[in-house]
Every structure is written in structure tokens, then in C-alpha cells.
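Analysis of the macromolecular model
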Amino acid sequence: MWYRGGIGHWSWLLHRLTGVGVLLFLCLHILDTSLIALGPQHYNAIMGVYRLPLFRVLEVGLVASVLFHALNGVRIILIDVWVDLTRIHRLLFQIQMACFTLVMMPVAWIMLRPLLVQ
Amino acid sequence: MQLDIQIKRFNPEQDREPQWREYTVTLEPTDRVLDALHAVKWHHDGSLAFRRSCAHGICGSDGMMINGRNRLACKVLIKDLRQPIMVEPMRGFPVVKDLIVDMAGFFDKYRSVRPYLISDEAPPRTERLQSPAERERYEDTTKCILCGACTTSCPSFWANSAYVGPAAIVQAHRFIFDSRDQGRAERSAILNQASGVWRCRTIFNCTDACPRGINVTKAIGEVKKLLVKAATRPPHPPPTRD
Ligand code: SF4
Ligand code: FES
């Protein structure tokens, strides 16, 4: 059975997953940009794939991953520097998620609008 | 009331893999999980193995995973749990039998942080005195009963059993911040290793699991800060400018 930890446990797990996700994207990105070395037609082909609507949705996921990872990292750093914050770490996480939502809503709208209003 | 309890059983002489077995026992809602284990052992299957001694949250012998969280069986009331109650051994330690885990490595780590007073001073004729404020400094970490709930709830420990673990750091904290103790440098050197405090990722599972309500994450954080301070402090007093 999965360990039923609290907020700290699940945020740590998400931190890991988003971290690995962003790393995979970086590797992919290095690969696709290096295709230019093989010639512009290959590079343009892969860029065409990226323009598919599915990739737009994945890009929103990428932004969300980077944002979550960054905000969560800041929360951990704050707690590590001011250890008394350990007492209110759940509240800090809620504030973090509020910021996340506030930023993601307009970003997702801006990124997905072209798909929706086509 | 009728209570369904599932226990992860493992007999090293018969089983290759642990197996879940279900039992139905009759208990009061205000009874504890330990009473349920007793009911199983005394009335259903005498071969069930688990540790317990005080039965009152003092000795720390009955740490186990109850409904997916580390708890002391003698401190959790049945009415506070969802049924069927799932009981399994603490994760990350080798299972000896059923709910009994091998804690030898755990106590080796405990001993590795020198959990006793280190002082060069000759023992005074009476007590070694300290002020109430000095005593308060490490009050929280004196409460540890070495149950292992924190260490076995820690993903860093699951991933790497070389990690000294929250319990040993709590014990080190109890002496590092004691004004009468002089072993800070020794303990810092141990906790500053790759297997020391830096494996902590501030996940809070230890704090959530601790049956004594110790703020384990804060204690670990204080040790981390102490190590950072010691590393960034100039080795000699800075030269004075004229
Ligand atoms: S710090 Fe708490 S959870 Fe960890 S060993 Fe001590 S009493 Fe148990
Ligand atoms: S039996 Fe002693 S702490 Fe539970």
C-alpha cells in the first residue's frame, strides 16, 4: 500500500515528478534543436509536429510543471532558512497553490485560446 | 462491535512473500489497535508476532503502519479508523516476522551520533546546572521514545538505507543544543556526511508520524542551519582594518 502521508509527502512527490518531467523536456528540446545540424527540412518537420494542438496542451502542462516546481522550491527554501515556518507549512502550501492557480488561469487561457476559438 | 482487521503476515520459515490475512474480532470502539492485535493473537491465531511492552505510548515498541500511516498501535483508537483496518510492519526495515522488524541498523545509527553527554569537564559534586532557558532549547527533542515511526515514514530513508534518519538526528539535536554538552563538533562531523542531514528533503512525513508530537522537521532544520553556519564562519577572526 502507498504511504498515506500529508501535504508534505504529496507535494514532495509532485516536486519530483514535475522535476523529472521538465528534465525530460529539456533533453527533448536539445535533441530537436540539434536536428538543425542534419538540415532545415528535418528541423522544420519536427517544428510542424510541435504546432499540433496536442502539443499546445502539453505545453500548458510544461508551464504548470515549471511553475509548481519553482513555487514549491521557494517554499522549501523558506522553511529551511526560517525553521519556525515548519509550524505553518500547510498554510504555506495553501498560499503556494493559490499563487499557482492565480498565475496558471490567465496563462492557460492565453495559451489555449487559439485552439478554442478556431 | 465487530471489527475487520487485515494484517500483513510473514513467516520467514514458510512464506516467500508477505500475505494479507483478514480477521474479525469483537471490541469496543474505544479500544485500541493494540487490543485488536491482542484479540487476534489470543483468540484466533497465536502465531501472530508483534512487539509491545508498556501498552501506553511510552516504550516505543509497537510502531507499525496502520491504514497506511506510521502509528503506535497502543495509541490509535479503533473508532478513529476506517475499516477494514490494515496493519503492516514499518517500511524500510527488514521484516523478521509479521509485524516485527529488525531495528539493529536503526540503533546502530542512534549510537553513531553519540547520544550521551560529552564533556571534558570534571564531574561537579552536584548536578551540572543550566538555566530554564537553556533547558528549554532542546525540550522538544527530549521526548523521543525511539519508536522508529519517523525514520520509516521518510522517503529519503526508503530510497537509501544509509541515511542516518530523522530519529538519530532528533537524538543528536537533544545533545547538540544542550548547554552542558561539548560534543557538538563530533556530532556535526557525523551529520555533515553524505548520509547525514542533507538527505532530508523537508517532506514532513517524520513530523506527521511522530507519536510524541515532536517537530522533527524543525529539529533537522536547526541542525542543518548549524552546519551551514559552522561552514561559513571564517576559521580565524577577520583581520581588523586600520
Ligand atoms: S522522533 Fe518521534 S517518531 Fe521518531 S523515533 Fe522519536 S518518538 Fe519515534
Ligand atoms: S507498547 Fe509501548 S509504546 Fe506502544
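As shown above, the structure is provided for reference.
First things first, this report covers the structure right here in the doc. All residue numbers here refer to positions counted from 1 along the written sequence of the relevant chain. Think of it this way: whatever chain is written first is A, whatever ligand is written first is 1, and the rest follow in order. In view of the model being predicted, local features appear only for residues whose pLDDT reaches at least 70, and side-chain atom pairs are presented and counted only at 80 or more, with totals across whole chains, interfaces and linings using the full set of residues. The basis for every side-chain value is the complete set of non-hydrogen atoms in the structure, without hydrogens or water.

**Quick notes on the overall build of chain B**
- Here a strand is any run of E in DSSP of at least two residues, a helix any run of H or I of at least four, and the numbering for each starts at the N terminus. Each helix and strand in chain B was counted, giving eight helices and seven strands.
- Across its three principal axes, chain B shows a C-alpha extent of roughly 80 × 40 × 30 Å.
- Counting across all 242 residues of chain B, residues that qualify as buried make up 50%.
- Surface accessibility follows the Shrake-Rupley procedure with a 1.4 Å probe radius. Residue values consider only the protein chains on display as shielding. Put simply, chain B shows about 12400 Å² of open surface, and 51% of that area lies on carbon and sulfur atoms.
- When charges are tallied, Lys and Arg are placed among the positive residues and Asp and Glu among the negative ones, while His and the ends of the chain are skipped. Every charge is mapped to an atom, namely NZ of Lys, CZ of Arg, CG of Asp or CD of Glu. Of the charged side chains in chain B, 36 are positive and 28 negative; the average position of the first set lies 4 Å away from that of the second. The rule is simple: take the accessible area with a 1.4 Å probe, protein chains only, and divide by the maximum for that residue type; under 20% is buried, over 50% is exposed, in between is partly exposed.

**Comments concerning the nonpolar core**
Residues and elements named next belong to chain B.
- Residues grouped as a nonpolar core are buried Ala, Val, Leu, Ile, Met, Phe, Trp, Tyr and Cys residues, joined through side-chain atoms within 4.5 Å. Core analysis: the biggest nonpolar cluster contains 32 residues, and Ile5, Ile7, Val33, Leu37, Ile66 and Ile85 have the highest contact counts within it.
- When contributions to this core are tallied by element, the ones reaching two or more residues are β1 (2-9), β2 (19-26), α1 (33-43), β3 (63-66) and β5 (85-88).
- No other element matches the six residues that α1 contributes to this core.
- Each domain's limits were defined by an automated method or a database of domain assignments. Mapping this core onto the domain boundaries places at least three of its residues in each of domain 1 (2-101) and domain 2 (104-232).
- Throughout, a contact is declared for two residues whenever any of their heavy atoms are within 4.5 Å. Excluding its chain neighbours within four sequence positions, the residues that come into contact with Ile66 are Val33, Arg71, Leu72, Ala73, Val76, Leu81, Ile85 and Met86.
- Among the nonpolar cores identified, the runner-up in size contains 31 residues, and Met103, Val113, Phe157 and Val216 belong to it.

**Let's talk about the site of ligand 1**
- For this description, a residue counts as near a given molecule or strand if any of its non-hydrogen atoms is within 4 Å of it. By nearness alone, 13 residues border ligand 1, and Cys144, Ile145, Cys147, Cys150 and Cys210 of chain B come closest of all.
- Ten residue types, Ala, Val, Leu, Ile, Met, Phe, Trp, Tyr, Cys and Pro, are classed as nonpolar, four, Asp, Glu, Lys and Arg, as charged, and the remainder, Gly among them, as polar. A per-class count over the shell around ligand 1 returns 11 nonpolar, one polar and one charged.

**Quick notes on helix α1 (residues 7-34) of chain A**
- A helix is expected to reach a length of 1.5 Å times the quantity of its residues less one. Between its terminal C-alpha atoms α1 of chain A stretches 40 Å, which fits the 40 Å expected from 28 residues at 1.5 Å a residue.
- Residues Gly8, His9, Ser11, Trp12, Thr18, Gly19, Val22 and Asp32 of chain A constitute the buried set of α1 of chain A.
- Contacts from the buried residues of α1 of chain A go to α2 (40-50), α3 (53-81) and α4 (89-116) of chain A together with α4 (155-159) and α7 (205-209) of chain B.

**Points about the pattern of salt bridges**
- Each salt bridge in this description consists of a side-chain nitrogen of Lys or Arg and a carboxyl oxygen of Asp or Glu lying within 4 Å of one another. Counted according to the given criterion, the structure contains 18 salt bridges over all chains.
- Here Asp45 of chain B makes a salt bridge to Arg9 of chain B, at a shortest N to O gap of 2.9 Å. Of this pair, Asp45 of chain B sits in the loop between α1 and β3 while Arg9 of chain B sits in strand β1, and the two are 36 residues apart along the sequence.
- Between Arg187 of chain B and Asp181 of chain B there is a salt bridge; the shortest N-O distance is 2.7 Å. Considered together, Arg187 of chain B and Asp181 of chain B belong to a single accessibility category, that of buried residues.
- Each of Asp84 of chain A together with Arg137, Lys218 and Glu222 of chain B takes part in salt bridges that share partners, so that together they form one network.

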